[in-house]
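So you can see what is in the structure, the chains are spelled out below.
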Amino acid sequence: MVKKEIPVEQAIGMTLAHDLTRIVPGEFKGRAFAKGHVIREADIPVLLDIGKRFIYVLEIGPDELHENDAALMMAESLAGDGLEWGDVHEGKVVLKASTDGMLWVNREVVTEMNLIDGISITTRSSLIHVSKGTSVAGVRPIPLVIERSKVAKVVEIGNAAKANRSVIDVISYKMKTAALVTTGSEIQSGRIQDKSGAVLREKLDGYGVQVVRQVFPGDEQAAIVREIVSAAELGVDLILVTGGMSVDPDDRSPASIRDAATQVVTYGTPMLPGSMLMLAYRGKTAIFGLPGAVLHDARTSFDVLLPRVLARMKVTKADIADLGVGGWLNA
Ligand SMILES: Nc1nc2c(c(=O)[nH]1)N[C@H]1C(S)=C(S)[C@@H](COP(=O)(O)OP(=O)(O)OC[C@H]3O[C@@H](n4cnc5c(N)ncnc54)[C@H](O)[C@@H]3O)O[C@H]1N2
Ligand code: MOO
């Protein structure tokens with residue numbers, strides 16, 4: 001690479017080799033001049049205002065890449081389903097969700113890429129819910145001009161990983177319908193008005209899941225089991241059982257879910273709030289036992305697990321055990 005520094009006063013008529021950024025703390029951060037801009041006399045004071053006394057004239061060698069080209073090549077090798085991106089800005093491509101769904105990031109592969117000197121791939125956490133339009137990853141090289149071999153290595157790692165699944169995907173939700181089994185004698189008898197229906201309907205609506213049934217079986221185990229089995233036979237994707245999830249004699253929900261399920265993933269999670277949550281399946285129907293905190297707190301273990309269940313990702317006891325560190329969710 002040949003990189004010549006030209007004082008801005010002598011740069012009129014020259015072409016900018018990269019985007020130039022302007023930052024006004026608290027007000028603005030973005031591109032003031034785009035790569036390729038031909039400098040005019042009127043630009044000189046603006047350039048001086050943003051602290052540019054020199055501009056580069058670049059000659060990029062055959063073994064090198066400009067930051068913008070490198071960022072685009074890397075973005076293409078990383079991105080799989082459910083993603084889109086626009087122009088490269090200031091050497092960075094921002095990947096955005098093109099659909100609602102669960103963000104999947106192959107952490108090991110991204111770490112391997114970031115170990116290459118000069119590579120910077122930044123993502124949101126894997127396995128979280130993202131809405132269409134959300135920015136999920138920023139991809140850029142650190143230097144203005146980077147060795148082609150480093151970018152080729154990123155692309156090679158990305159393509160090798162793709163045999164299995166892309167490095168970054170937004171996986172749309174496969175589950176669409178839910179039934180609510182609202183236990184509790186105090187709700188069944190009308191002593192207490194049900195609050196779970198409104199809370200859970202609103203939450204599920206955010207994931208595109210429709211509540212098609214709500215029943216109030218009280219606290220008798222046989223009645224709760226009957227309602228879970230009936231909802232599964234109706235063909236809903238998801239059954240949410242609330243109430244009776246802890247240690248009192250009339251807390252029958254865990255035993256009822258166990259009776260109705262063909263597989264129990266966990267009763268109990270290392271997360272707070274939401275430690276008494278249960279996850280089970282009856283065939284392909286997912287069953288959550290939701291502790292009282294889900295009705296009370298905005299974010300619980302349910303919000304952590306729901307995206308991966310709706311996306312039909314396999315969730316194991318080991319996956320759940322791994323959530324303990326960072327599982328204090330109200331921090
Ligand atoms: N000694 C212990 N106490 C508690 C434990 C424990 O391990 N040992 N666990 C705590 C945790 S964690 C939670 S969370 C709650 C679990 O509560 P449950 O899920 O069993 O909820 P219930 O006892 O059935 O109800 C609690 C409370 O919420 C009201 N409720 C329930 N459902 C509805 C509804 N659909 N609409 C409105 N209100 C509802 C219910 O009337 C009770 O007042 O236990 C801790 N305690
Ligand atoms: O199961 Mo509870 O208060 O941890 O939500």
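Since we're looking at a predicted model, the values are computed, not measured.

A. Geometry of the domain arrangement of the protein chain. Domain assignment breaks the protein chain into domain 1 (2-59), domain 2 (64-171) and domain 3 (177-321). Once you take the C-alpha centre of each, domain 1 and domain 2 turn out to be 27 Å apart. Taken together, the contact pairs six residues of domain 1 with seven residues of domain 2. In terms of residue class, the side of domain 1 that touches domain 2 is built from one nonpolar, two polar and three charged.

B. Looking closely at the sheet that holds strand S19 (residues 285-290). Across the sheet, six strands lie side by side as S15-S14-S16-S19-S18-S17; this open sheet has mixed pairing. Of all strands in the sheet, those with a lone pairing partner are strand S15 (210-218) and strand S17 (263-267), marking the two edges. Across the sheet, the axes of successive neighbouring strands diverge by a mean angle of 15 degrees, strand direction being ignored. Across four bridges, S17 lies against strand S18 (residues 278-282) in antiparallel orientation. If you follow Val 264 over to S18, its bridge partner there is Ala 280.

C. Structural context of the site of ligand 2. In the region of ligand 2, the neighbouring residues are Leu 272, Pro 273, Gly 274, Ser 275, Met 276, Pro 291, Ala 293 and Thr 300. Of the residues contributing to the shell around ligand 2, the split by class is five nonpolar, three polar and no charged.

D. Region of the structure containing the sheet that holds strand S8 (residues 101-105). The strand order S10-S8-S13 describes an open sheet built from three strands, whose pairing is antiparallel. Lying at the two open borders of the sheet, with one neighbouring strand each, are strand S10 (129-130) and strand S13 (168-171). Two strands pair when backbone bridges link them, and S8 and S10 are joined in this way by two bridges, in the antiparallel orientation. Bridge assignment links Met 102 to a residue of S10, and that residue is His 129.

E. The arrangement of helix H7 (residues 221-234) in detail. Across its 14 residues, H7 extends 20 Å between first and last C-alpha, which sits within 8% of the 20 Å expected from 1.5 Å per residue. Among all positions of H7, only Ile 224, Val 225, Glu 227, Ile 228, Ala 231 and Ala 232 are buried. On an axial view of H7, the arc spanned by its buried residues comes to 160 degrees, and they lie on one face. Projecting away from the buried face of H7 at angles above 90 degrees are the exposed residues Ala 222 and Glu 233. Where H7 is buried, its residues meet strand S14 (177-183), S15, strand S16 (238-242), helix H8 (253-260), S18 and S19.

F. Fine view of unusual backbone geometry. Note that the residue after Leu 272, namely Pro 273, is joined by a cis bond; omega there is -5 degrees. Looking at the secondary structure, you find Pro 273 in the loop between S17 and S18. Located in the positive-phi region is Glu 90, a residue other than glycine, with phi close to 50 degrees. By the secondary structure assignment, Glu 90 is in the loop between strand S6 (83-84) and strand S7 (93-97). With 17 C-beta atoms counted inside 10 Å, the residue Glu 90 sits in the partly exposed group. The backbone of Arg 312 shows a phi angle near 60 degrees, a positive value even though the residue is not glycine. Considering the arrangement of structural elements, one finds Arg 312 in the loop between helix H10 (301-310) and helix H11 (317-321). For Arg 312, a count of 15 C-beta atoms within 10 Å corresponds to the partly exposed category.

G. Layout of the pairing of strand S3 (residues 28-33). Burial runs low along S3: only zero of the six residues are buried. When strand S2 (residues 20-24) meets S3, the two strands line up antiparallel, connected through five bridges. By the bridge assignment for S3, Ile 23 is matched with Lys 29.

H. Seen up close, the nonpolar core. Of all hydrophobic cores here, the largest spans 78 residues; its most connected members are Ile 228, Ile 239, Ile 287 and Phe 288. Both of domain 2 (64-171) and domain 3 (177-321) provide at least three residues apiece to this core. If near-sequence neighbours (up to four positions away) are discounted, Phe 288 is found in contact with Leu 240, Val 241, Leu 277, Met 278, Leu 279 and Phe 302.

I. Local environment of the packing of helix H2 (residues 67-78) against helix H4 (residues 148-162). Running from amino to carboxyl end, H2 crosses H4 at an angle of 10 degrees, the nearest separation of the two axes being 8 Å. Considered as vectors, H2 and H4 are oriented roughly parallel to each other. Of H4, the residues touching H2 (which contributes Ala 70, Met 73, Met 74, Ser 77 and Leu 78) are Val 151, Val 154, Val 155, Gly 158 and Asn 159. Looking at the contact of H2 with H4, its residues break down into seven nonpolar, three polar and no charged.

J. Fine view of helix H6 (residues 196-205). Among the residues of H6, those classed as buried are Ser 196, Leu 200 and Leu 204. Angularly, the buried residues of H6 cover 45 degrees about the axis, an arc narrow enough to put them on a single face. Away from the buried face of H6 by more than 90 degrees, exposed residues Ala 198, Glu 202 and Asp 205 are located. Buried residues along H6 sit against S14, S15, S16 and helix H9 (293-296).

How each quantity is defined
- Residues numbered from 1 in each chain as written.
- Chains lettered and ligands numbered in written order.
- Predicted model: local features only at pLDDT ≥ 70, side-chain atom pairs only at ≥ 80, totals over all residues.
- Domains from an automatic or database assignment.
- Contact = placed C-beta atoms within 7 Å.
- Nonpolar A, V, L, I, M, F, W, Y, C, P; charged D, E, K, R; others polar.
- Pairing = 2+ DSSP bridges.
- Helix = DSSP H or I, 4+ residues; strand = E, 2+ residues; numbered from the N terminus.
- Axes fitted to C-alpha atoms, helices over the stretch in contact; angles between N-to-C directions.
- Near = placed C-beta within 6 Å.
- Expected span 1.5 Å × (residues − 1).
- Buried ≥ 20, exposed ≤ 12 C-beta atoms within 10 Å, placed from the backbone.
- Arc of directions from axis to C-beta.
- Core = buried A, V, L, I, M, F, W, Y, C linked by C-beta atoms within 7 Å.
- Parallel < 35°, antiparallel > 145°, perpendicular 65-115°, else oblique.

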